[in-house]
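# Structural description and commentary
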Amino acid sequence: KFPVIWGEYVKFKAINGYNNTQYATAAELGVTRDLNAAPLAEKILYLSDMEPASTKGEYKKDKSIGGEIITVNGTKYAKGIGVKSGSELIYKLNDTWDRLAGHVGMDDEVGDGGSVMFRVYVDGKLLFESPNQTGVSIKQLLDINVKGAKEIRLVLLDSGDGDKDDHGDWVDVKLILKGSK
């Protein structure tokens, strides 16, 4: 008997073969749904609560790069990652997450200064690229399928005018595992 868990697939893996062969057998395996089990809640893990596997450039957890409360388009946020252009944050995943969600934008601390572009790579593939962002741009929604992913890489690029005032925020960026509701 195993604990009740929610899943889309069941994988059985034979560790050893029968009599040193490549064959194995299994019997009386039943996969059922417990209709009395409470639905599993959605799980959320903020990237600012994780340690990146690798970093390049400057970043701050739950603060702007200037060390203040993350503020984008006049709204303050408790969770997020403040970065400066040229930054790159790599997070290793255990391929159990479904989505990466949040927003990206320039921190209000730069006024109308700075210009950047946000990019997200999933297992080396570019899956998100913001339009050029300045201090007066509207934050951009980030919602990416990361099901089965091993690695995500968050990159903030300078838009070609130097890195002065290039204070970007990964706002409320989190990994989400869907529940069973």
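All values reported here derive from a predicted model rather than from experimental measurement. (Residues numbered from 1 in each chain as written. Predicted model: local features only at pLDDT ≥ 70, side-chain atom pairs only at ≥ 80, totals over all residues. Heavy atoms only, no water.)

## Observations regarding a nonpolar patch on the surface
The condition that has to hold: Without a salt bridge and with relative accessible area above 30%, a residue can belong to a patch; like charges are then joined within 9 Å and nonpolar side chains (Val, Leu, Ile, Met, Phe, Trp, Tyr) within 5 Å. To be clear on the numbers: accessible area is Shrake-Rupley with a 1.4 Å probe, and residue cover counts the displayed protein chains and nothing else. Salt bridges are defined as contacts in which a side-chain nitrogen from Lys or Arg sits within 4 Å of a carboxyl oxygen from Asp or Glu. A run of DSSP states H or I qualifies as a helix once it reaches four residues; a run of E qualifies as a strand once it reaches two. Both are numbered from the N-terminal end.
Judged by side-chain polarity, Val10, Phe12 and Val31 come together as a nonpolar surface patch covering roughly 320 Å² of accessible area. If you trace the backbone, Val10 turns up in the segment before β1 (43–46).

## Looking at the pattern of salt bridges
This structure, assessed with the given rule, holds nine salt bridges. Here Arg99 ties to Asp143 by a salt bridge, and the two come within 2.9 Å at their closest N and O atoms. Note that Arg99 is positioned in strand β8 (residues 99–106) and Asp143 in strand β12 (residues 140–145), a separation of 44 residues in sequence. Measuring nitrogen to oxygen at the nearest pair gives 2.6 Å for the salt bridge that ties Glu129 to Arg119. Of this pair, Glu129 sits in strand β10 (residues 125–129) while Arg119 sits in strand β9 (residues 115–122); the two residues are 10 residues apart in sequence, bridging distant segments of the chain. What you see here is one network of salt bridges that share partners, running through Asp49, Asp62 and Lys79.

## Structural notes on the pairing of strand β14 (residues 167–177)
Our working rule: For each residue, the accessible area found with a 1.4 Å probe, counting protein chains only, is set against the maximum for its type, and the residue is called buried under 20%, exposed over 50%, and partly exposed in between. We treat two strands as partners when DSSP finds at least two bridges between them.
The buried fraction of β14 amounts to 10 of the 11 residues, a majority that puts the element mostly inside the structure. Bridge count for β1 against β14 is four bridges, and the pairing is antiparallel. Of the residues in β14, the one forming a bridge with Leu45 is Leu175. Pairing of strand β6 (residues 80–84) with β14 involves five bridges; the strand directions are antiparallel. Residue Gly80 lies in a different strand from β14, and its bridge partner there is Val171. Examined bridge by bridge, β8 and β14 share seven bridges and lie antiparallel to one another. Paired with Leu100 across the bridge in β14 is Leu175.

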